[in-house]
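Listed below are the residues making up each chain.
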Amino acid sequence: MNTIRTHFALYLILFLSFTAFGQHTNTITGTLTAESNTITVDQKITYTNETGIALSEIYFNDWNHAFSGKDTPLAKRFAEEFRRNFHLAREKKRGNTTIDKFSVNGTTVNWERLKEQIDIIKVVLNKPLQPNETVTFDLNYTVKLPYDEFTRYGFTREGDFSLRYWYLTPAAYKNGWKLYSNKNLDDLYTEQATHNITLTVPKNLTVVSSADTTVDRNNETVQLTAKDVKDITILLRQNSDFKTFQTDKVNITTNLGAYRLDEKQQAIAIDKVVQFIHDKLGKFPRKNMLISKIDNKKNPVYGLGQLPSFVSPFTDDFQYEIKILKAVLTKNLEESMWMDTRTEKWISDALETYMLMVYAETFYPNMKLAGGLSKIWGVRSYEFAKLEFNDQYPFLYMLMARKNIDQSLNTSKDSLTKFNNNIANKYKAGVGLKYLKSYFDETVIDDFVKEFYAENRLKKSSRKNFEELLKSKAPKDIDWYFTNYVDSRKRIDYKIRKVEKTADSLQVTIKNKYDGNFPISLFGIKNDSVVSKHWVTNIGEKKTVTIPRDGIDRLVLNYDKIIPEFNQRDNWKSLNGFFANNKKLRFTFFKDAENPHYNQIFFVPVARFNLYDGFTPGMRLYNKVFLTKRLLYDFKPSYGLRSKQLVGSGSISYRHDIESTKSDLYFVRFTAGGNYFNYEENLTYTRLVPKVTFGFRNPDFRSNQKEFIDLRYVIVQREQPEIPDPTLDNEPNYSVFNARYVYSNPDPIRHMVWFTDFQITKRFSKISFNLNYRKLFRDNRQLNVRFFLGKFLFNDTNSDFFSFALDRPTDYLFDYNYYGRSEDTGLYSQQLVVAEGGFKSKLENPFSNDLIGTVNASYSIWRWVEAYGDVGFIKNNGANARFVYDSGVRLNLVPDFFELYFPVYSNNGWEIAQPGFDQRIRFIVTLSPKTLLKLFTRKWF
């Protein structure tokens with residue numbers, strides 16, 4: 001009997017040791033107070049040192065505290081993406097964590113928040129924690145939840161709660177501590193642990209979670225448990241719309257709606273998705289999975305799939321399946337792959353995107369990117385209507401590459417621009433596996449994906465595991481994949497330079513247009529059918545290969561477009577003579593995707609307005625496709641209905657991108673443009689401007705900081721009236737060389753833009769400095785300050801046409817969009833362009849032919865109502881300097897786009913009390929759709 005007891009005790013000790021070793025536990029008892037949106041927490045964390053070294057300090061993630069102020073890493077990220085809602089939010093909408101107790105094994109310890117990362121806590125241990133030793137932390141704290149409009153987690157206006165990242169967790173250790181702040185990336189990097197959460201919640205709230213859940217309504221408590229997880233998401237709803245769909249692989253609890261699909265059809269779709277993932281990827285990590293609308297909104301199916309269901313071009317079942325598929329894949333890989341969530345996320349992104357592509361190929365091989373629109377007359381002839389659904393992945397990656405703002409796959413998630421993080425890099429990662437699959441021409445990648453998932457499921461792994469397994473499975477050398485495709489921004493771009501024909505073979509010379517070493521596919525085509533396919537490798541600068549002739553009438557590189565190649569316009573060569581290689585013209589209404597076999601010209605009606613030409617309809621002719629091209633032209637011939645004249649504008653430009661990350665210079669653009677309009681009643685002007693622009697950027701692509709150098713030569717010819725106006729300059733035709741340096745760092749919190757400008761012509765030379773600064777304070781009031789200083793180096797003019805102006809520049813370079821540029825009275829003269837002096841009141845003698853200096857400022861009174869004031873001095877040759885000022889009220893409805901100015905007091909006296917006050921009101925109105933669109937797209941790029 002004693003022997004049995006001894007063995008039993010030994011087995012029990014071994015079992016407990018086995019389960020404790022390498023396993024952290026997290027026990028939480030919390031009480032939610034709905035009225036104050038707070039949770040009081042008692043937490044016990046059992047932490048085992050698995051680092052292999054002694055630890056004298058341990059770090060904890062307190063991501064809820066990221067909402068505590070306007071200078072946290074999270075707040076700064078919102079600012080970088082031009083999101084003002086967090087900065088403008090009232091204090092009660094922000095979150096924080098107030099810690100009352102922090103002890104280790106019953107002894108209070110010192111702790112502190114990191115200075116630059118206040119959502120990371122450093123705990124100094126009383127004695128070092130040796131490898132494999134375990135320590136217990138006891139904590140008491142109060143969590144003030146944030147409003148859910150910031151990250152979709154927190155409390156809602158309706159009284160619901162979405163809880164994620166609300167309690168403390170140990171930071172991960174991997175060759176050092178990984179101290180990642182909350183940046184709304186949903187990439188908490190913490191140790192997996194067994195979680196036991198007991199939460200007291202109001203009875204009117206239904207608890208939804210993927211954890212094992214037990215609810216005691218009498219005591220208003222809920223018990224949640226889960227093993228080997230980073231955290232537990234808990235959704236508390238007054239009126240829950242979640243349904244659980246059971247399959248033989250995993251149970252899916254979701255509230256994702258499906259337009260026109262009943263519950264049975266949804267169940268069929270979910271089962272189809274689950275079976276696909278199980279067959280192609282492997283076992284699910286858990287018995288239950290929670291997929292909510294929050295997951296879909298934070299990681300949607302971008303593109304046409306985001307349209308409301310009732311106008312979507314896709315079938316209801318396809319749209320629902322893709323939405324569910326992406327959400328389940330994301331959640332599955334997040335819970336299964338225990339990698340560095342910030343620096344190695346591209347690996348799970350690659351698996352997710354690849355699986356999305358395989359699903360579409362398997363079940364919807366004929367689905368077009370435009371869905372049902374591709375069958376509609378008038379649409380089906382467009383190139384974008386011919387694109388396959390999976391063509392979106394290389395297309396949207398190439399959108400960033402063509403803009404020269406793509407980033408390497410191994411870039412840390414918090415260093416990626418929003419578009420690259422959400423779309424482009426995910427798609428590039430998946431396309432990379434598709435590229436390898438085509439290169440191997442076998443099922444190697446499918447087998448690799450399944451094996452990699454199986455070997456690393458619910459285990460700590462890294463890129464090393466991914467790389468070693470892929471190389472072991474690959475039948476060819478793939479060093480280029482990691483060196484050039486993953487770890488760099490190198491371009492893939494080849495062209496067929498020449499073809500030499502013999503009786504039975506073709507000698508094809510392929511030129512590498514960049515320095516990247518990538519394999520490229522070479523197809524032989526006969527009568528639009530593929531005759532042969534060859535892979536050409538190690539091309540270097542150029543390479544000549546010999547292939548059988550086989551009756552080929554056309555050679556095409558990357559014919560199946562699987563390779564994400566930078567430019568495919570020079571990928572083909574006809575063997576039927578010189579003229580067969582010439583591209584035909586194709587005219588298309590509006591913009592389209594690129595067709596490499598045609599010279600595409602797009603046309604679209606346009607209209608503009610000025611007082612002298614009147615309403616000016618015209619036709620825009622241009623070659624800009626959805627993806628940026630280097631050589632662009634844009635012509636807008638128009639007809640002025642009032643002037644009864646042909647007018648218009650046009651430009652042609654060439655942009656050379658600098659891909660190197662070692663240089664701040666990232667593009668050089670050469671432009672030649674011109675305008676022909678009326679500048680006064682029955683008087684036209686012609687303006688020609690050759691220009692070169694150098695663009696510089698911060699090595700941190702997320703930074704909004706940019707610098708530009710513009711060098712241009714402005715040539716102006718003006719018609720003169722039959723009776724010359726003695727007040728105007730007597731030289732109607734002139735040319736001005738203009739050099740400008742611009743520093744731009746726009747930001748909704750701290751906006752800074754300044755430039756220096758130099759102009760010279762035979763009759764004058766001037767230099768000026770202009771600075772704009774905008775600051776949003778903690779009390780949500782805004783200060784705008786502008787400073788301008790201008791000085792003539794020499795001046796031999798006999799009028800004020802070229803002079804500096806206080807309130808309304810003459811615009812002799814025709815840079816500003818004046819609706820009535822020559823008007824001195826009336827509504828059109830009240831249009832304000834904040835340039836040079838920047839004054840709003842019209843003062844006497846507003847011009848300076850020598851020196852001017854002004855400061856313009858405004859400050860918030862209430863919301864978009866501001867008080868403004870302008871002060872400065874103005875000096876003319878042979879006269880003393882004059883002090884000038886004005887003040888008033890500014891309605892800053894949309895900054896720089898729609899503003900109204902009401903003068904109150906100035907050198908003119910009390911303007912508000914003087915006759916004709918309505919004629920003193922100034923306005924800023926921007927009618928350019930392109931300019932307004934930048935307000936909405938700037939946060940993505």
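Scroll up for the structure.
Please read all numbers here as calculations on a predicted model, not as lab measurements. (Residues numbered from 1 in each chain as written. Predicted model: local features only at pLDDT ≥ 70, side-chain atom pairs only at ≥ 80, totals over all residues. Heavy atoms only, no water.)

Enquirer: Can you walk me through the overall build of the protein chain in this structure?
Expert: When helices and strands are tallied, the protein chain shows 14 helices and 50 strands. Its C-alpha radius of gyration of 33 Å places the protein chain within 12% of the 30 Å reference for a compact globule of 941 residues. Contacts spanning at least 24 positions in sequence make up 63% of the contacts within the protein chain whose residues lie at least 6 apart. Entry remark: accessible area of the protein chain is about 42,600 Å², with carbon and sulfur atoms responsible for 54%. The distance from the centre of the 131 positive side-chain charges to the centre of the 108 negative ones in the protein chain is 2 Å. (Helix = DSSP H or I, 4+ residues; strand = E, 2+ residues; numbered from the N terminus. Rg over C-alpha atoms; globule rule 2.2 N^0.38 Å. Contact = heavy atoms within 4.5 Å. Areas by Shrake-Rupley, 256 points an atom, 1.4 Å probe, with all protein chains shown as cover. Lys, Arg positive; Asp, Glu negative; His and termini not counted. Charge placed at Lys NZ, Arg CZ, Asp CG, Glu CD.)

Enquirer: Would you explain the pattern of salt bridges in this entry?
Expert: Opposite charge on two side chains allows them to pair when their charged atoms are near. A complete count under the given rule lists 57 salt bridges for this structure. With a shortest N-O distance of 2.2 Å, Lys434 and Glu361 are connected by a salt bridge. Placement of the pair is Lys434 in helix 10 (residues 418-440) and Glu361 in helix 7 (residues 345-363), with a sequence separation of 73 residues. A relative accessible area of 11% means that Lys434 is categorised as buried. Salt-bridge contacts for Arg920 lead to Glu911; the nearest nitrogen and oxygen are separated by 3.2 Å. Classification of Arg920 by relative accessible area gives partly exposed; the value is 24%. (Salt bridge = Lys/Arg side-chain N within 4 Å of Asp/Glu carboxyl O. Buried < 20%, exposed > 50% of the residue type's maximum accessible area, 1.4 Å probe, protein only.)

Enquirer: What exactly am I supposed to notice about helix 10 here?
Expert: Within an α-helix, residues lying three or four positions from one another point in the same direction, as the helix has 3.6 residues per turn. With 23 residues, helix 10 should cover 33 Å at 1.5 Å per step; its first-to-last C-alpha distance of 33 Å lies within 8% of that length. Along its length, helix 10 shows its largest kink, about 40 degrees, at Ala424. Where burial is concerned, most of helix 10 is hidden: 22 out of the 23 residues are buried. (Expected span 1.5 Å × (residues − 1). Bend = angle between axes of the 7 residues up to and from the residue.)

Enquirer: Is there a simple way to think about the sheet that holds strand 28 (residues 542-548) in this case?
Expert: Whenever strands of a sheet pair, they do so through backbone hydrogen bonds, lying parallel or antiparallel. Pairing is antiparallel in the open sheet, where three strands are placed in the order 24-25-28. The sheet is open, and its two edges are formed by strand 24 (494-501) and strand 28, each paired on a single side. With strand direction ignored, the average angle separating the axes of adjacent strands in the sheet is 25 degrees. Where strand 24 meets strand 25 (residues 505-512), seven bridges bridge the pair, whose relative direction is antiparallel. Opposite Val499, over in strand 25, you have Val508 as the bridge partner. (Pairing = 2+ DSSP bridges. Axes fitted to C-alpha atoms, helices over the stretch in contact; angles between N-to-C directions.)

Enquirer: Help me understand the packing of helix 9 (residues 392-402) against helix 10, please; the structure alone is not making it clear to me.
Expert: Contact geometry of helix 9 with helix 10 gives a least axis separation of 8 Å together with a crossing angle of 125 degrees. When the axis of helix 9 is compared with that of helix 10, the two are oblique. Considering the relative orientation of helix 9 and helix 10, their crossing is left-handed. Residues Gln392, Tyr393, Pro394, Leu396, Tyr397, Leu399 and Met400 of helix 9 form the contact with helix 10, whose own contacting residues are Phe419, Asn420, Ile423, Ala424, Tyr427, Lys428 and Val431. (Parallel < 35°, antiparallel > 145°, perpendicular 65-115°, else oblique. Left-handed = near helix turned anticlockwise from the far one by under 90°.)

Enquirer: What's the story with the nonpolar core in this structure? I'm lost.
Expert: When a protein is soluble and globular, its nonpolar side chains tend to lie buried together. Counting 101 residues, the largest nonpolar core has Leu433, Phe466 and Tyr481 as its most contacted members. Counting 56 residues, the second largest nonpolar core, distinct from the first, contains Ile99, Phe102, Val143 and Val201. (Core = buried A, V, L, I, M, F, W, Y, C linked by side-chain atoms within 4.5 Å.)

Enquirer: Would you explain the pairing of strand 48 (residues 898-906) in this entry?
Expert: Moving residue by residue along a regular strand, the side chains alternate between the two faces of the sheet. As paired strands, strand 47 (residues 882-894) and strand 48 are joined by eight bridges and run antiparallel to one another. Each residue of the ladder has a partner; that of Val889, found in strand 48, is Phe902. In textbook terms, the turn of a hairpin is the stretch between consecutive antiparallel strands, and for strand 48 and strand 49 (residues 909-910) this stretch comprises two residues.

Enquirer: When you look at the side chain of Arg687 in this model, what are you seeing that I'm missing?
Expert: The residue Arg687 is located in strand 37 (residues 683-697) in this model. Here Leu813 takes part through its backbone oxygen, which lies 2.7 Å from a polar atom of the side chain of Arg687. Other than its neighbours up to four places away in sequence, Arg687 contacts Gly673, Gly674, Asn675, Arg712, Val714, Ile715, Val716, Leu813, Phe814 and Asp815. (Polar contact = N/O pair within 3.5 Å; in protein donor to acceptor, adjacent residues only side chain to side chain.)

Enquirer: Honestly, the packing of helix 7 against helix 10 in this entry has me stumped. Any pointers?
Expert: Between helix 7 and helix 10, the shortest axis-to-axis distance is 7 Å and the interhelical angle comes to 65 degrees. In terms of crossing hand, the pair formed by helix 7 and helix 10 is right-handed. Each of Trp346, Asp349, Ala350, Leu351, Thr353, Tyr354, Met357 and Glu361 in helix 7 lies in contact with helix 10, whose residues at this interface are Lys426, Tyr427, Ala429, Gly430, Leu433, Lys434 and Lys437. The class makeup of the residues in the contact of helix 7 with helix 10 is eight nonpolar, two polar and five charged. (Nonpolar A, V, L, I, M, F, W, Y, C, P; charged D, E, K, R; others polar.)

Enquirer: Just to check I follow, could you spell out the packing of aromatic side chains for this structure?
Expert: Here a ring pair, both rings aromatic, is described through the centre-centre distance and the interplanar angle of the planes. Counted under the stated rule, the structure contains 71 aromatic pairs. Judged by centre distance (6.1 Å) and plane angle (70 degrees), the rings of Tyr734 and Phe801 are edge-to-face. On the criterion of sequence distance, the pair formed by Tyr734 in strand 39 (residues 734-745) and Phe801 in the loop between strand 42 (782-795) and strand 43 (804-805) is long-range, its members being 67 residues apart. Of note, Arg620 hangs over the ring of Tyr622, and the distance from its end group to the ring centre comes to 4.0 Å. (Phe/Tyr/Trp six-rings, centres within 6.5 Å; stacked < 30°, edge-to-face > 60°. Lys NZ or Arg CZ within 6 Å of the ring centre and 35° of its normal.)

Enquirer: Which parts of the structure should I look at to understand the sheet that holds strand 15 (residues 206-209)?
Expert: With antiparallel pairing, the four strands of this open sheet are ordered in space as 9-10-18-15. The outermost strands of the open sheet, each flanked by one partner alone, are strand 9 (154-155) and strand 15. Bridge count between strand 10 (residues 161-163) and strand 18 (residues 234-237): three bridges; the pairing is antiparallel. Considered in strand 18, the bridge of Leu163 is made with Ile234.

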